[in-house]
Amino acid sequence: MTYTGTVLRIDLTTGKATKEPLNKDWAREYLGGKGLSIKYLYEELEPGIDPLSTDNKLILMTGPTTGTIVPNSGKLAIAAKSPATGTILDCSIGGHFANELKYAGYDAVIIEGKAKSPVYLFIDDDLVEMRSAADLWGKGAHETEHLIADALGDVITLAIGQAGENLLPMACISSELYRQAGRGGIGAVMGSKNLKAISVWGSGGIEVANIRKVSAALNKIKREDTMTDDNMWAYSDGTPMIVDLSQSTGILPTRNFQEGTFDEYEKINSAAVKSTLKAKKACFACPLACSNYVKKGKTEVEGPEYETLALCGSNCAIGDLEAIIEFNRLCDDYCLDTISAGNVVAFAMELTEKDVHDFGIRFGEIDNFLKMPGLMANREGVGADLAEGVRAMAEKYGGGDYAMQVKGLEIPGYEPRGSWSMGLAYGTADRGACHMRAWPAAVEAFGDIDPYTSEGKAELVIGMQDDNAVKFSAIFCDFWALSTERMAEILNMLLDYEVTAAELTRIGERIYNLARLFNEREGFTKKDDYLPERIFKEKLTTGATEGKVLPREDYDKMLAEYYRLRGWDENGMISDQKKKELNL
Amino acid sequence: MNNILERSGFCLKALVFHAEKCIGCKLCHLACSAQNEEIFNPRLARLVITSCYDREGLIVDGQVCDLCLSCVEACPVGAIVEKNGRLSFLEELCTDCGLCVDICPNQVIVKKDKGIGVCVQCKSCANWCPTEALTFEEVKR
Ligand code: SF4
Ligand code: SF4
Ligand code: SF4
């Protein structure tokens, strides 16, 4: 059995740390990671709490594969109620924190309350220390990690930058400089608790029955199922590979989603990124190494990922790779989510060009573009407005039809007018517009399925949402396209009970429904499952998507079918029967 | 020591680490601890691969047993022996003096509660390494 069976609960208000047993029944029904952290939050958070108050909790959750030799098992789920959306929020962060936490003896950490003054936590096996972060507060996440390493040596750290301290709804958490729990303002939850960082060091290990046999079987799986053509794009290119695909299919967000192609795409595509590559880098236990450690001119970053190239590149009409790399590095250091940051800057550019409000920045202006992360993170000058996200900017100044967000979360790098299934995926993602809950573009816009029909899209999106929900709970990285059968095979090597692929799909469905139930309890309804008007009304004007919209009637149709197949009523409320069926 | 190696008439192979290929996944550490300690615990591996950032940027560094045989020489009770280019550890002889741990120039001998762990050339790490950053190559002396 690969759970440690122990949860560490830390109350920052009292400074007390206590150990408690992991709820085994919940672990069975929700596995770990995404699912189990949502379950704890659903049970422990009062409805309607302010996400930035002491009532919110921050959960770090590992899974049954964490710390083992299972390929691509290096992810950690970090969850809370989202300051950006008010929905449930779980983020997935790579690197080496999750395994270290498990080696320290914990499946999860639940952080409550608020410290009186800035602190950071050091979890050193049984020893849990709350240390003063007086010298760290006000510093970027990068320097914070370095200073903690100076003090504690060989530890792995989750840290926030100025954006988290200043409670930005787009504040992320960084680890090992360039890995992020990116979306929904998870970093602001840390900031609101006066929690600058969490460091961990673990001396223990994970025991597995027949470990040599299991390792040999897993090495075979790694060779024959992980390191295959289906997945090795991660090593050969990483996510920048998607730039060319999006450009050719007309779904590369450009100029705040005004167009779906970018004239200068060749300056920001995978070939361009590769020309700056210094090393490939992986998370713990990952043979795929999607990360590109790059240097260009005076700057360097582990990245930029596709989302950054699209939202901070083409979407801001920035065709200068060095500028994007520098913007990326700044965002990682201040702890700004690059998807949201790219969106707000692009929105400010459009509002300025349309004379709605003058933010002093226009499309393609590199110098101003590079000033934005600092202004936003510190809420200075125009940054004070941008810091609040596109929805709040639109409420203040207008332009709501092209404030590109769902439920308050800015839209990732796939234009829904050229990938209708992505539209549905954004609309029905549990934390607002997200491409990680389902990424149907892979088989639709980039594959063989017709992107411009509502036919079959609901089923496609639901299947992916449920599969990903269980995958992010087990926990596996998104980039190993493994089947639920394979997942079951692997879990059966680690657990003391048997699971089947069908049961795993059911767990995925349960998790997705519980997330929805959380949001339902917070007052979210059908109207929140809609996309910005631009997607429904404005025709794209270039490339493969020229003349395309996603007609509202088609979206209505997809959404209705989606609710029906989910077993929800016509308003998107989970039926009692479904709740019973899933034991919710 | 060279004499022993030459006498054995055996083509000696030892681990070599290629930093430029390493992605820092630590699968080698896990493979080693699983094979030799029957647990997944990277700190019990008989090699040390690091890939992390300091203020100057990415640092990739690795230490592996290169069969220098310093430990064999240092052990006062003969608890570490080399045969046909392979080390083995005789726990019943070990007095836990820690001399081998201190003397290993690569610092890859694991100190345990009882006894130590040396690289036994099992190749598990290299078998797992996804990028061929670990290879077995002839030892040149
Ligand atoms: S593919 Fe990338 S994100 Fe996934 S585990 Fe590997 S390095 Fe981490
Ligand atoms: S050869 Fe075997 S004992 Fe030596 S470092 Fe590799 S896995 Fe460990
Ligand atoms: S398995 Fe290979 S690539 Fe991974 S850390 Fe070890 S030497 Fe580096």
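In short, a report on the structure. (Residues numbered from 1 in each chain as written. Chains lettered and ligands numbered in written order. Predicted model: local features only at pLDDT ≥ 70, side-chain atom pairs only at ≥ 80, totals over all residues. Heavy atoms only, no water.)

**Some points on the overall build of chain B**
Counting its regular elements, chain B contains five helices and eight strands. In sequence order, chain B lays out its α and β elements as α-β-α-β-β-α-β-β-α-β-β-α-β. The C-alpha radius of gyration of chain B comes to 15 Å, within 12% of the 14 Å expected for a compact globule of 141 residues. Seen through its principal axes, chain B has C-alpha atoms that stretch 45 × 35 × 30 Å. Within the span of chain B, comprising 141 residues, buried residues form 49% of the whole. Across chain B, the fraction of contacts at a sequence separation of at least 24, relative to all contacts at a separation of at least 6, is 59%. Here chain B has roughly 6900 Å² of accessible surface; of this, 48% comes from carbon and sulfur atoms. Side chains of chain B carry 15 positive and 18 negative charges; the gap between the two charge centres is 3 Å. (Helix = DSSP H or I, 4+ residues; strand = E, 2+ residues; numbered from the N terminus. Rg over C-alpha atoms; globule rule 2.2 N^0.38 Å. Buried < 20%, exposed > 50% of the residue type's maximum accessible area, 1.4 Å probe, protein only. Contact = heavy atoms within 4.5 Å. Areas by Shrake-Rupley, 256 points an atom, 1.4 Å probe, with all protein chains shown as cover. Lys, Arg positive; Asp, Glu negative; His and termini not counted. Charge placed at Lys NZ, Arg CZ, Asp CG, Glu CD.)

**Some words on the overall build of chain A**
A count of helices and strands for chain A gives 23 helices and 17 strands. Radius of gyration (C-alpha) of chain A: 22 Å, near the 25 Å computed for a compact globule of 584 residues. With respect to the principal axes defined by its C-alpha atoms, chain A has extents near 60 × 50 × 45 Å. Looking at chain A residue by residue over its 584 residues, the buried ones come to 66%. Looking at chain A alone, contacts between residues at least 24 apart form 69% of all its contacts between residues at least 6 apart. Between the mean site of the 64 positive side-chain charges and the mean site of the 88 negative ones, chain A shows a separation of 2 Å.

**Description of helix α17 (residues 420-428) of chain A**
Residue and element names in this part refer to chain A. Burial of α17 is extensive: nine of the nine residues sit out of reach of the surface. The set of residues buried in α17 consists of Trp420, Ser421, Met422, Gly423, Leu424, Ala425, Tyr426, Gly427 and Thr428. Contacts from the buried residues of α17 go to β16 (405-406), α18 (457-474), α20 (501-521) and α22 (552-566).

**Quick look at the state of the cysteines**
Residue and element names in this part refer to chain A. Here the structure, examined in full by the defined rule, presents zero disulfides over all chains. Cys312 takes part in no disulfide bond, and the closest cysteine sulfur to it belongs to Cys331, at a distance of 5.7 Å. Of the residues examined, Cys312 reaches a relative accessible area of 0% and is grouped as buried. Not engaged in a disulfide, the cysteine Cys335 finds its nearest cysteine sulfur in Cys172; these two sulfurs lie 4.3 Å apart. Classification of Cys335 by relative accessible area gives buried; the value is 0%. (Disulfide = S-S within 2.5 Å.)

**Details of the pattern of salt bridges**
Residue and element names in this part refer to chain A. Tallying each qualifying case throughout the model produces 51 salt bridges over all chains. For the salt bridge of Glu302 with Arg179, the shortest nitrogen-to-oxygen distance reads 3.7 Å. On the criterion of sequence distance, the pair formed by Glu302 in strand β15 (residues 299-302) and Arg179 in strand β11 (residues 179-181) is long-range, its members being 123 residues apart. With respect to class, Glu302 is no different from Arg179; both count as buried. (Salt bridge = Lys/Arg side-chain N within 4 Å of Asp/Glu carboxyl O.)

**Re the site of ligand 3**
Looking at ligand 3, there are 13 residues lining it, with Cys22(B), Cys25(B), Lys26(B), Cys28(B) and Cys129(B) nearest. When the residues that make up the shell around ligand 3 are grouped by side-chain class, the tally is ten nonpolar, two polar and one charged. (Near = heavy atom within 4 Å. Nonpolar A, V, L, I, M, F, W, Y, C, P; charged D, E, K, R; others polar.)

**Some thoughts on the interface of chain B and chain A**
The partner chain A presents 44 residues to the 28 residues of chain B that form the contact. Across the chain B/chain A interface, buried area totals approximately 2900 Å², and carbon plus sulfur atoms make up 58% of it. Our count for the contact surface shared by chain B and chain A stands at four salt bridges. Its salt-bridge partner being Glu100(A), residue Arg43(B) comes within 2.7 Å of it at the nearest N-O pair. Taken together, the links from chain B to chain A amount to 17 residue pairs in polar contact (both at pLDDT 80 or more). Mapped onto the side of chain B that touches chain A, the elements with two or more residues apiece are α2 (27-37), β2 (48-54), β3 (57-63) and α5 (124-128) of chain B. It is α2(B) that provides the largest number of residues to the side of chain B that touches chain A, a total of five residues. (Buried area = accessible area lost by both parts, 1.4 Å probe. Polar contact = N/O pair within 3.5 Å; in protein donor to acceptor, adjacent residues only side chain to side chain.)

**Examining the packing of aromatic side chains**
Residue and element names in this part refer to chain A. Taken as a whole, this structure holds 19 aromatic pairs over all chains when the rule is applied. Centroid distance Tyr103 to Phe284: 6.3 Å. Interplanar angle 80 degrees. Geometry classified as edge-to-face. Of this pair, Tyr103 sits in helix α3 (residues 97-103) while Phe284 sits in the loop between β13 (277-281) and β14 (291-296), and the two are 181 residues apart along the sequence. Considered together, Tyr103 and Phe284 belong to a single accessibility category, that of buried residues. Ring centres 5.7 Å apart and planes at 80 degrees place the aromatic pair Phe476 and Trp480 in the edge-to-face group. One aromatic cluster in this structure is built from Tyr306, Tyr414, Trp439 and Phe446. Geometry around Trp137 places Lys196 over its ring, the cationic atom sitting 5.9 Å from the centre. (Phe/Tyr/Trp six-rings, centres within 6.5 Å; stacked < 30°, edge-to-face > 60°. Lys NZ or Arg CZ within 6 Å of the ring centre and 35° of its normal.)

**Details of the side chain of Glu176(A)**
Residue and element names in this part refer to chain A. Inspection of the secondary structure assignment puts Glu176 in the loop between β10 (173-175) and β11. Despite its burial, Glu176 pairs with no opposite charge; the closest candidate is Lys281, at 4.8 Å N-O. One polar contact links the side chain of Glu176 to the main-chain amide nitrogen of His96, over a distance of 2.7 Å.

**Considerations on the packing of helix α7 (residues 211-226) of chain A against helix α19 (residues 484-494) of chain A**
To describe two helices that pack against each other, one gives the angle between their axes and the distance between the axes. All names here are of chain A. Relative to each other, α7 and α19 sit at 160 degrees, their axes nearing to 11 Å. Taken together, α7 and α19 sit at an angle that is classed as roughly antiparallel. Between α7 and α19 lies a crossing of left-handed hand. Judged by residue contacts, Val214, Ala217, Leu218, Ile221 and Asp225 of α7 engage Arg486, Glu489, Ile490 and Met493 from α19. For the contact of α7 with α19, the class distribution of residues is six nonpolar, no polar and three charged. (Axes fitted to C-alpha atoms, helices over the stretch in contact; angles between N-to-C directions. Parallel < 35°, antiparallel > 145°, perpendicular 65-115°, else oblique. Left-handed = near helix turned anticlockwise from the far one by under 90°.)

**Notes on the layout of surface pockets**
A volume near 830 Å³ is recorded for the second largest pocket. Counting only elements with at least two residues in the lining of the second largest pocket, the list comes to α3, α4 (141-152) and β9 (156-159) of chain A together with β2 and β6 (110-111) of chain B. If one sorts the elements of the lining of the second largest pocket by residue count, β2(B) sits on top with seven residues. Within the lining of the second largest pocket, the residues separate by chemical class into 17 nonpolar, ten polar and ten charged. (1 Å grid on protein atoms, 1.4 Å probe; cavity = no way out; pocket = protein on both sides within 12 Å on 5 of 7 lines; lining within 4 Å. Points joined across faces, edges and corners; volume = space filled by probe spheres on them.)

**Description of the site of ligand 1**
Taken together, Asn72(A), Lys75(A), Arg179(A), Ala282(A), Cys283(A), Cys286(A), Ala289(A), Cys290(A), Cys477(A) and Phe479(A) make up the full set of residues near ligand 1. Residues that form the shell around ligand 1 fall into these classes: seven nonpolar, one polar and two charged.

**Quick look at the nonpolar core**
Burial of nonpolar side chains together is a common tendency in soluble globular proteins. All names here are of chain A. Counting 164 residues, the largest nonpolar core has Val345 and Phe369 as the members making the most contacts within it. A total of nine residues in this core trace back to one element, the largest contributor, which is helix α13 (residues 338-353). Ignoring anything within four residues of it in the chain, the contact list for Val345 reads Cys316, Phe327, Ile361, Phe369, Met372, Met376 and Leu386. The next biggest cluster of nonpolar side chains, apart from the first, holds 33 residues, and it includes Ala80, Tyr106, Leu121 and Ile160. (Core = buried A, V, L, I, M, F, W, Y, C linked by side-chain atoms within 4.5 Å.)

**What to know about the sheet that holds β9(A)**
Residue and element names in this part refer to chain A. Here we have six strands laid out as an open sheet, ordered β8-β7-β12-β9-β10-β11, and mixed in their pairing. Whereas interior strands pair on both sides, the edge strands pair on one side only; in this sheet they are β8 (127-132) and β11. The average undirected angle you get between the axes of adjacent strands in this sheet is 20 degrees. Of the pairings in the sheet, the one linking strand β7 (residues 119-124) to β8 comprises six bridges and is antiparallel in character. Looking at the pairing, Ile123 lines up with Val128 of β8. (Pairing = 2+ DSSP bridges.)

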